[in-house]
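# Descriptive structure summary
In case you want the letters, here they are:
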Amino acid sequence: MKKKAFVKGCVIAACVILVSLFAMYLALSRYYSGGFSYGTWINGIYCTGKSVSEANEALLSQCGYGGLAISMGDGRFYTILPSDVNFSATFQEPLEKYLQRQNPYLWIDNLIGTHGEKEISPAVSYDKKLFEDKLESFGILTDPPDSDLKIEIQKGEEGYYLVNERQDVFDTALAKELIQNAFETMEPELDLRAQGCYRDLPLTQEMEDTLRLWEQVSKWQDCGIVYRFGEEEVPVDSGTASGFIRLDESGNFALDPDGKLCIDEEKVFAFVDELAGRYDTVGAARDFHSTRGDIVKVEGGIYGNKIDTEAEKEYLLDAFQKRKREVHTPAYSQQAKAQGLDDIGDTYIEVDMTQQMLYYYVEGELVIETPVVTGNTSLRRGTPSGTNYVYAKQRNRTLRGPDYASFVKYWIPVCGNIGIHDASWRSTYGGEIYKRNGSHGCINTPHDEVSRLYEMVEVGTPCIMFY
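Residues numbered from 1 in each chain as written. Predicted model: local features only at pLDDT ≥ 70, side-chain atom pairs only at ≥ 80, totals over all residues. Heavy atoms only, no water.

### A closer look at the overall build of the chain
We count it as follows: Secondary structure counts use DSSP, requiring at least four H or I residues in a row for a helix and at least two E residues in a row for a strand, with both numbered from the N terminus. In what follows, a contact means two residues having at least one pair of non-hydrogen atoms within 4.5 Å. Using a 1.4 Å probe, accessible areas were evaluated by the Shrake-Rupley method; residue-level cover was limited to the displayed protein chains.
If you tally the helices and strands in the chain, you get 12 helices and 28 strands. Counting contacts in the chain only where the partners sit at least 6 residues apart, residues at least 24 apart contribute 66% of the total. Per element, the accessible surface of the chain, about 26200 Å² overall, is 50% carbon and sulfur.

See the structure below:
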């Protein structure tokens, strides 16, 4: 009897519990019927129980849009700001649709799974006319039609270059579509190159021929010959080498029967002559920093470098045609101690005929400083100025002229019959002796000093003589 009563009591208790749970379930269902169901997460925001307007406000608070930054892929950037086009966004409509699909009596599905997690995009609106005007202001969607895009070889200061307008062509239609989609989906950035907005257009046969000719031209003007003048180097660069290509009367590339470029020998020879005009220093005017402290312009003389232009024209023509790549020192018909524009160096003789002083520098150090007597200016025998050099040395020689014969122990000729020598007939040097009692043109030097100079100086040493 007691057992039956116990079982009856358990049944009644179970029924009460079930009815209570069901009542609670129905109560929660009625609660969620006015908002989103239990466990609803939208775009990472907990929206359980929120109305559509409340959820919209919460979603918009984390959805601020700063506009679209557009990269052209070539360093150019453009920006469309929301304020430029009266942009606005709302989640109202997609939230209403989502809420309508939710069954408040099935909220338990969210309790036992992930059915309540949802990602939705806002509905955006903006002024289409303002948007079009903004794109037009960028000037990126107005490229010429494909039929107008060409391939040409043109000439500039650095040689020929290729203009290929059919390569890497911007696809304006695709770009416009991508920009609009990115803006409407509130993307912060858009790289048009990465999105495939550049393409290569098909070529005509004439264009293919131009590209093949360009391969020849680009290899031709990629010259590896470098001229060396002492410490200075002069490369035969693309601007120079491009001038070696022969053109026909119409200004087009002249081709041989095999379709190969032809060399313009006259242009090659003109380049060698130009080098000689620049680097030949025999008789050239030089700015010389004198011991007395000023900069003296010294013109004339026999010292310097002179390029053997005939040998160099032959060399350059052959080396260029064989595509040689080398550093080349030119051949000289006359060669100074140093090459380049600064061919004097730091070992030289200086004769200052105004100060009547001779100086001898060795590697920049002054080792001899002595007064001298130069040519008699009153008799128009003044020693000529110029940059000369020691071309010989001789002991115990008799110098002869129309009205004299003078024995000297040290003879150092520097220019024709003019040289540096001792003068036993003189007891004083320097001052203004040269104006009335000067030499026939030579540089009279005290015995002890000229003997030292004779022992030290080498043939080929520059001798700068000036007033």
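Moving on from the model shown.
### Some points on the sheet that holds strand β14 (residues 232-235)
For clarity, the cut-off: Two strands are counted as paired when DSSP detects at least two bridges linking them. In this analysis an axis means a line fitted to C-alpha atoms, helices contributing only their contacting stretch, and an angle means the value between N-to-C directions, from 0 to 180 degrees.
An order of β14-β13-β18 is seen for the 3 strands of this open sheet, with the pairing classed as mixed. Each end of this open sheet is capped by a strand with a single partner; those strands are β14 and β18 (325-328). Pairs of neighbouring strands in the sheet enclose a mean axial angle of 20°, with direction left out of account. In this sheet, β14 lies alongside strand β13 (residues 224-229) in antiparallel orientation, the contact comprising 4 bridges. Bridge assignment links V226 to a residue of β14, and that residue is P235. The strands that helix α10 (residues 309-321) touches are β13 and β18; relative to β13, the one it contacts most, it runs at about 155°.

### Thoughts on the sheet that holds strand β22 (residues 365-371)
The strand order β22-β21-β20-β28-β23 describes an open sheet built from 5 strands, whose pairing is mixed. Strands at the two margins of the open sheet, each flanked by one partner only, are β22 and β23 (386-389). Ignoring strand direction, the axes of neighbouring strands in this sheet form an average angle of 20°.

### Examining the pattern of salt bridges
Let me state the cut-off plainly: Here, a salt bridge means any Lys or Arg side-chain nitrogen found within 4 Å of an Asp or Glu carboxyl oxygen. Accessibility here uses a 1.4 Å probe with only protein chains present; expressed as a share of the type maximum, an area under 20% marks a residue as buried, one over 50% as exposed, and anything in between as partly exposed.
Scanning the entire structure with this criterion turns up 22 salt bridges. The salt bridge involving D222 is made with R325; its shortest N-O contact spans 3.6 Å. Here the residue D222 occupies a position in the loop between α7 (205-220) and β13, and R325 occupies one in strand β18, the gap between them amounting to 103 residues. According to the relative accessible area criterion, D222 is partly exposed, its value standing at 44%. Between E449 and R452 there is a salt bridge whose closest N-O contact spans 3.2 Å. With E449 and R452 both in helix α12 (residues 447-456) and 3 residues apart, this pair spans about one turn of that helix. For R452, a relative accessible area of 37% gives the class partly exposed. A single network of salt bridges, built from pairs that share partners, joins R292, D294 and D352.

### Observations concerning helix α5 (residues 128-138)
As a reminder, the rule being used: By definition, the arc is the one covered by directions from the helix axis to the C-beta atoms. Definition of a polar contact: a pair of N or O atoms within 3.5 Å, with one able to donate and the other able to accept a hydrogen when the atoms are protein atoms, and with sequence-neighbouring residues admitted only if both atoms are side-chain atoms.
Those residues of α5 that fall on the buried side of the exposure criterion are F131, L135 and F138. Looking down the long axis of α5, one finds its buried residues gathered within 50° of arc, a one-sided arrangement. The outward face of α5, more than 90 degrees from its buried face, is lined by the exposed residues K129, E136 and S137. Against β3 (68-71), β4 (77-80) and α6 (172-184) lie the buried residues of α5. For α5, the N-terminal capping position is held by D127, with its side-chain oxygen 2.9 Å away from the main-chain nitrogen of K129. G139, located one to two residues past α5, shows a positive phi value of around 70°.

### Side note on α12
Looking at α12, one finds that the buried residues are V450, S451, L453 and Y454. For α12, the angular spread of the buried residues around the axis is 160°, confining them to a single face. Seen from the buried face of α12, the exposed residues on the opposite side, beyond 90 degrees, are D448 and E455.

### A closer look at the packing of aromatic side chains
Short version of the rule: The pairing test for Phe, Tyr and Trp rings, Trp by its six-membered ring, is centres within 6.5 Å, and the orientation test on the planes gives stacked under 30 degrees, edge-to-face over 60, and tilted for anything in between. Put simply, a charge is over a ring when the Lys NZ or the Arg CZ is close to the ring centre, within 6 Å, and near the line of the ring normal, within 35 degrees.
Going through the model one piece at a time under the given rule, you end up with 23 aromatic pairs. Considering the side-chain rings of F244 and F271, the 6.0 Å spacing of their centres and the 70° angle between planes classify their relative orientation as edge-to-face. Placement of the pair is F244 in the loop between α8 (238-241) and α9 (265-279) and F271 in helix α9, with a sequence separation of 27 residues. By relative accessible area, which is 8% here, F271 ends up buried. Taken together through their ring pairs, the aromatic side chains of W220, Y227, F229, F244, F271, Y279, Y315 and F320 make up a single cluster. Residue placement shows K128 over the ring face of Y126; its charged tip is 4.2 Å from the ring centre. The residue whose ring lies beneath R323 is F320, and the NZ or CZ to ring-centre distance is 4.7 Å.

### Considerations on the nonpolar core
Side chains of nonpolar character tend, in soluble globular proteins, to be buried together. Heads up, the rule is: Buried residues of nine kinds, namely Ala, Val, Leu, Ile, Met, Phe, Trp, Tyr and Cys, make up a nonpolar core once their side-chain atoms join them within 4.5 Å.
Core analysis: the largest hydrophobic core is formed by 31 residues, its most contacted members being I225, Y227, F244 and L316. Of all elements in the fold, only α7, β13, α9 and α10 reach the threshold of two or more residues within this core. At 6 residues, α9 tops the list of elements feeding residues into this core. Counting 24 residues, the second largest nonpolar core, distinct from the first, contains Y126, F131, I140 and L178.

As far as function goes, none of this settles anything; it's purely spatial.
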